[in-house]
Amino acid sequence: MEKRQRPRRKRHPVRNTILVLILALLVGGVAYGYQKYQSIKKSVDTTYQASGAKKLRNVNAVLKQKKPISILLMGTDTGALGRTFQGRTDSMMVVTINPETEKTTITSIPRDTAVSIPGYEDYGTVKINAAYAYGKSKTAITTVQDMLNIPIDFYAIINMGGMEKIIDEVGGVDLTPTLSFSYGGYTFKKGVKTHMNGKRALAYSRMRDDDPQGDYGRQTRQRKVIMALLNKSGSVTSLLNESFISSLTKQTQTDLTFNDLTALATNYRRATKSIKTTHLQGTSETLNSQSMEVASKTELQRVTNYIRTGLGLAHKSTGTIAQVDASTGEAGSSDATSSTGITDNGNNGGPGGGY
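Let me sum up the structure you'll find in this document. (Residues numbered from 1 in each chain as written. Predicted model: local features only at pLDDT ≥ 70, side-chain atom pairs only at ≥ 80, totals over all residues. Heavy atoms only, no water.)

Some details on the pairing of strand β6 (residues 154–159)
Part 1: Extensive coverage of β6 is indicated by the burial of five of its six residues.
Part 2: In this sheet, strand β11 (residues 252–254) lies alongside β6 in antiparallel orientation, the contact comprising three bridges. Each bridged residue has a counterpart across the sheet, and for Ile-158 the counterpart in β11 is Thr-252. (Buried < 20%, exposed > 50% of the residue type's maximum accessible area, 1.4 Å probe, protein only. Helix = DSSP H or I, 4+ residues; strand = E, 2+ residues; numbered from the N terminus. Pairing = 2+ DSSP bridges.)

This is the structure we're talking about:
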């Protein structure tokens, strides 16, 4: 009788590794015992930093009821070259995690997106990456919320030094450049598979000026680096050591507590069975003597709908702070809050009800 082969299990490197550090913490509690588990927990707790931004929903109730959540992920051009947590955000992504539909969405917001920063309107229309420079995570969160008329439940930020550490910890990554260029003292050749350590991989992902697609091209390369890292770090145990986690916490900030992370790892894992991505597309315009990406009202509405669908929320009109008049360089005044029927603390119809 012919022996039937067992079907190969489908690998989900993205799904398995989006929660890799969370799982490392949880598995670490078993693998290394209570004492080291507590030590790791203490290290993670040091990353906690309240943003100061007003929560538009009762996030504790949202997590308790296992409702869809949103996280604003930011990467700063800091932590490398001797810099600290200052400067602007090189990348911004809104992630929605929906355990009800078992879907995760990732929406990239280009750093050059033209906006008027809430609280800093006197500066006029500026690039969205300035929001963090002006008012740190609080202003970045408020800007994204007002621009897209969405709730941001949590934020997480990692600097360049943190990403470099992760890449080096897994022994580097293999990448095949899609174009030839030199940057940061490194040379990359199109089509030539190259093993890159943390510094080289960061140089590959940072170049923008020589890319025909500009920042959109850089975003693509950044995603390639992350995907290579996710594939390389498929084994959770490769990151299971206290010294690494402790060093990484110095490169990150978040308002997710250890208990929040535990809840995500326990109750939201199935939400990563399906991961879809998109980005806010703009057109290049010169405003205030700077090249910016101006998103149309139609495009803003598309992205707003995309994110709100991921959160299981009804569609509503987008905010107006990014609806820039290219002829004048002026952004509309934000009426997102007054027109949304925002309910704080989930008092109207449960967590996020009415929002």
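Description of the environment of Gly-172
Part 1: With respect to the helices and strands, the residue Gly-172 is situated in the loop between α6 (160–169) and β7 (173–175).
Part 2: Taking C-alpha positions, Gly-172 is 9.2 Å from Ala-228, a pair spaced 56 residues apart along the chain.

Some thoughts on the sheet that holds strand β12 (residues 274–279)
Remark on secondary structure: sheet strands pair via backbone hydrogen bonds, oriented parallel or antiparallel.
Part 1: In spatial order, the strands read β11-β6-β1-β2-β3-β12; together these six strands make up an open sheet with mixed pairing. Only two strands of the sheet have a single partner each, and these edge strands are β11 and β12. On average, each strand axis in the sheet is inclined to that of its neighbour by 15°, with strand direction left out of account.
Part 2: With six bridges connecting them, strand β3 (residues 103–109) and β12 associate as parallel partners. Directly across from Thr-104, in β12, lies its bridge partner Ile-275.
Part 3: Packing of helix α5 (residues 130–148) onto the sheet brings it into contact with β1 (69–76), β2 (89–98), β3, β6 and β11, and relative to β1 it is tilted by some 140°. (Axes fitted to C-alpha atoms, helices over the stretch in contact; angles between N-to-C directions. Contact = heavy atoms within 4.5 Å.)

Quick look at the side chain of Thr-89
Part 1: Position of Thr-89 among the secondary structure elements: in strand β2.
Part 2: Excluding residues within four positions of it along the chain, Thr-89 makes contact with Met-74, Gly-75, Thr-76, Arg-111, Asn-129 and Tyr-132.

Brief notes about the nonpolar core
Part 1: If you look at the biggest cluster of nonpolar residues, it comprises 29 residues, and the most contacted ones within it are Leu-72, Met-92, Val-94, Ile-109, Val-144, Met-147 and Leu-148.
Part 2: Going through the elements one at a time, β1, β2, α5, β6 and α11 (297–310) are the ones with two or more residues in this core.
Part 3: Not counting the four nearest positions on each side in its chain, Val-144 is found in contact with Leu-72, Met-92, Val-94, Ile-109, Ile-128, Asn-149, Ile-150 and Ile-152.
Part 4: In terms of nonpolar packing, the next biggest core, distinct from the first, is built from 17 residues, Ile-71, Val-95, Leu-256 and Leu-264 among them. (Core = buried A, V, L, I, M, F, W, Y, C linked by side-chain atoms within 4.5 Å.)

As for the packing of aromatic side chains
Part 1: All chains considered together, the criterion is met by six aromatic pairs.
Part 2: Note on Tyr-120 and Tyr-123: the rings are 6.1 Å apart at their centroids and 50° apart in plane angle, and the pair reads as tilted.
Part 3: Taken together, the ring pairs connect Tyr-120, Tyr-123 and Tyr-134 into an aromatic cluster.
Part 4: Its end group placed over the ring of Tyr-132, Lys-136 keeps NZ or CZ at 5.7 Å from the ring centre.
Part 5: Positioned above the aromatic ring of Tyr-204, the side-chain terminus of Arg-221 is 5.9 Å from the ring centre. (Phe/Tyr/Trp six-rings, centres within 6.5 Å; stacked < 30°, edge-to-face > 60°. Lys NZ or Arg CZ within 6 Å of the ring centre and 35° of its normal.)

Here we look at helix α10 (residues 258–267)
Because the α-helix completes a turn every 3.6 residues, residues three or four places apart line up on one side.
Part 1: With respect to burial, α10 is a largely interior element, seven of its 10 residues being buried.
Part 2: Those residues of α10 that fall on the buried side of the exposure criterion are Phe-258, Asp-260, Leu-261, Ala-263, Leu-264, Ala-265 and Asn-267.

Some remarks on the environment of Gln-219
Part 1: You can see Gln-219 is positioned in helix α8 (residues 214–232).
Part 2: Since its relative accessible area comes to 9%, Gln-219 is described here as buried.
Part 3: Counting along the chain gives 111 residues from Gln-219 to Ser-108, while the straight-line C-alpha distance between them is 8.3 Å.
Part 4: The residues contacting Gln-219, other than those within four sequence positions of it, are Ser-108, Pro-110 and His-279.

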